[in-house]
Amino acid sequence: MTHHISRRARVLGAGIAAGVLIPVVAAASPAAAATTPTVSCTSSKAALATKLQKDITAALANRTGTVSVGLYDRSTNTTCSLRATSSYDSASAVKVTVLATLLWDAKKHNRYLTDTETSLAKAMITKSDNDATSKLWKQLGLTKIKGFLSAAGMTKTVPGANGYWGLTQINVTDEQKLLKLITAQNTVLSDNSRAYILKLMSQVISSQRWGTPYGAPSGVSVHVKNGWLQRSTHGWRVHSLGTFNGGGHDYMITVLTWGNSTMSYGINTIQGVAKVIHRDLGTA
């Protein structure tokens, strides 16, 4: 009899333990939902901020993977952000930083780029040439790259170790800082340097002009640099940086993604976001 009671008590004890677990799990779900990052937008045109927030959110509603978005439009003082501080493997998106570092360092030493540097820079940006990037990365070295990041205020960007520039850690906040430097006068990059970066970004080969330029209105000048990389965990990283000028607007978009099943899935996610941003700004 005593044996039977103790067994029953054991079963009851297990039941109580399970009962304790269930409410804890239930309580965790609403809390988790509350911390899901949402798109936030501000603008000197309140209606524009509301529309962008709604449309970017809708564009991402049924997409899997993790997505970070940054938008800044100087003309309407509009900013949108989603997961702006989340870190991603840079893939080829870091190539804009490599070029900016090269130009920043040359300016400090009061010299022009050599013919070799010019051809490497062009291949790196317009064709996303990896060998050219590795040569420039090695030539510059981490001290100069970190020096530029510091000057640019890109405090959360961490250069990839051991020559693995594609594993540099980037986020939307820092990439948007970089795009702002490229598109307006500042003390970090000379006007010539900025014009050179924008020129190369406007000459990217057609097969690599996907992403943020998607849906840009005609008459708007487009400058782009993309990145894509597949790894054994979290699938494809697919990123797009773009700056756009014209139609009464002066804006830049960064979209960083990972956890994409294929490269084209990531591209479609980015283009869904880009399309509504161009449309909303174009009608603002």
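Refer to the structure printed above.
This structure is a prediction, so every number in the text was calculated from the model and none was measured.

Asker: Quick one: what's the story with the nonpolar core, residue by residue and with numbers?
Answerer: One broad rule of soluble globular proteins: the nonpolar side chains tend to lie buried together. Counting 47 residues, the largest nonpolar core has Leu99, Phe148, Ile182, Leu189 and Ile197 as the members making the most contacts within it. Broken down by secondary-structure element, the contributors of at least two residues to this core are helix H3 (95–108), helix H4 (115–126), helix H5 (130–151), helix H6 (172–183), helix H7 (191–202) and strand S8 (249–260). Of all the elements, H3 adds the most residues to this core, at eight residues. Those residues within four positions of leucine 189 in sequence are excluded, and the remaining contacts are Ala100, Trp104, Lys107, Phe148, Leu181, Ile182, Arg194 and Ile197. Trp236, Ile267, Val273 and Val276 belong to the second largest nonpolar core, which has 27 residues in total.

Asker: Before we move on, could you go through the environment of leucine 181 and cite the residues and values that matter?
Answerer: By the secondary structure assignment, leucine 181 is in helix H6. Taking the C-alpha atoms as reference, leucine 181 lies 7.7 Å from alanine 152; in sequence the two are 29 residues apart. In this structure, leucine 181 is in contact with Ala152, Asn186, Val188, Leu189 and Arg194, ignoring residues within four places of it in sequence.

Asker: Could you give me a rundown of the state of the cysteines, with the residues and numbers involved?
Answerer: The tally for this structure, following the rule as stated, stands at one disulfide. Two residues, cysteine 41 and cysteine 80, share a disulfide whose sulfurs are 2.1 Å apart. Its torsion about the S-S bond being 115 degrees, the disulfide of cysteine 41 and cysteine 80 is classed as right-handed. Separated by 39 residues along the polypeptide, cysteine 41 in strand S1 (residues 40–42) and cysteine 80 in strand S3 (residues 78–82) bring together distant segments of the chain.

Asker: For the layout of surface pockets, give the residues involved together with the corresponding values.
Answerer: Within this model, the largest pocket holds a volume of roughly 330 Å³. The residue makeup of the lining of the largest pocket, split by class, is five nonpolar, four polar and two charged. Of the volumes computed, that of the second largest pocket is approximately 200 Å³. Around the second largest pocket, the lining residues are Thr36, Pro37, Thr38, Val39, Thr57, Leu60, Arg63, Gly65, Val67, Leu82 and Arg83. Considering only residue class, the lining of the second largest pocket consists of five nonpolar, four polar and two charged.

Asker: Hey, could you go over the packing of aromatic side chains for me, with residue numbers and the actual values?
Answerer: In this structure the tally under the stated criterion is four aromatic pairs. With a centroid separation of 5.7 Å and an interplanar angle of 65 degrees, the aromatic rings of tryptophan 210 and tryptophan 228 are classed as edge-to-face. Note that tryptophan 210 is positioned in the loop between H7 and strand S6 (221–230) and tryptophan 228 in strand S6, a separation of 18 residues in sequence. Residue classification places tryptophan 210 among the buried positions, given a relative accessible area of 11%. With a relative accessible area of 25%, tryptophan 228 lands in the partly exposed category. Of note, arginine 63 hangs over the ring of tyrosine 265, and the distance from its end group to the ring centre comes to 3.9 Å. Positioned above the aromatic ring of tyrosine 72 is the side chain of lysine 180, whose terminal nitrogen or guanidinium carbon lies 4.3 Å from the ring centre.

Asker: Describe the environment of histidine 278, and please don't skip the residues or the numbers.
Answerer: For histidine 278, the position within the fold is in helix H8 (residues 263–282). Once you skip the residues sitting within four places of it in the chain, histidine 278 turns out to touch Thr212, Pro213, Tyr214, Gly215, Ala216, Pro217, Phe244, Tyr251 and Ile253. Here tyrosine 251 takes part through its side chain, which lies 2.7 Å from a polar atom of the side chain of histidine 278.

Asker: Talk me through the environment of asparagine 62; I want residue IDs and the actual numbers.
Answerer: Tracing the backbone through its elements, the reader meets asparagine 62 in the loop between helix H2 (46–60) and strand S2 (66–73). The exposed category is assigned to asparagine 62, whose relative accessible area is 71%. Spatially, the C-alpha atoms of asparagine 62 and threonine 269 are 9.5 Å apart, while their sequence positions differ by 207 residues.

Asker: Describe the pairing of S6, and please don't skip the residues or the numbers.
Answerer: Note that S6 and strand S7 (residues 236–246) share 10 bridges and pair antiparallel. Paired with histidine 223 across the bridge in S7 is threonine 243. In this structure, the hairpin formed by S6 and S7 is closed by a connection of five residues, where histidine 234 is found at a positive phi of approximately 60 degrees.

Asker: Give me unusual backbone geometry: which residues, what numbers.
Answerer: One non-glycine residue with positive phi stands out, namely alanine 91, at about 50 degrees. Looking at where alanine 91 falls in the secondary structure, it is placed in the loop between strand S4 (88–89) and H3. Even without being glycine, serine 128 reaches a positive phi, approximately 60 degrees. Examined against the element boundaries, serine 128 turns out to sit in the loop between H4 and H5.

Asker: With reference to specific residues and values, describe the sheet that holds S2.
Answerer: Strands sit in the order S1-S3-S2-S8-S7-S6 across an open sheet of six strands; the sheet is antiparallel. Either end of the sheet is taken by a strand with one partner, and the two such strands are S1 and S6. Put simply, the sheet's adjacent strands are angled 5 degrees from each other on average, direction ignored. Here S2 pairs with S3 via five bridges, running antiparallel. For glycine 70, the partnering residue across the bridge sits in S3 and is serine 81.

Here is what the cut-offs are and how they apply
Residues numbered from 1 in each chain as written. Predicted model: local features only at pLDDT ≥ 70, side-chain atom pairs only at ≥ 80, totals over all residues. Heavy atoms only, no water. Core = buried A, V, L, I, M, F, W, Y, C linked by side-chain atoms within 4.5 Å. Buried < 20%, exposed > 50% of the residue type's maximum accessible area, 1.4 Å probe, protein only. Helix = DSSP H or I, 4+ residues; strand = E, 2+ residues; numbered from the N terminus. Contact = heavy atoms within 4.5 Å. Disulfide = S-S within 2.5 Å. 1 Å grid on protein atoms, 1.4 Å probe; cavity = no way out; pocket = protein on both sides within 12 Å on 5 of 7 lines; lining within 4 Å. Points joined across faces, edges and corners; volume = space filled by probe spheres on them. Nonpolar A, V, L, I, M, F, W, Y, C, P; charged D, E, K, R; others polar. Phe/Tyr/Trp six-rings, centres within 6.5 Å; stacked < 30°, edge-to-face > 60°. Lys NZ or Arg CZ within 6 Å of the ring centre and 35° of its normal. Polar contact = N/O pair within 3.5 Å; in protein donor to acceptor, adjacent residues only side chain to side chain. Pairing = 2+ DSSP bridges. Axes fitted to C-alpha atoms, helices over the stretch in contact; angles between N-to-C directions.

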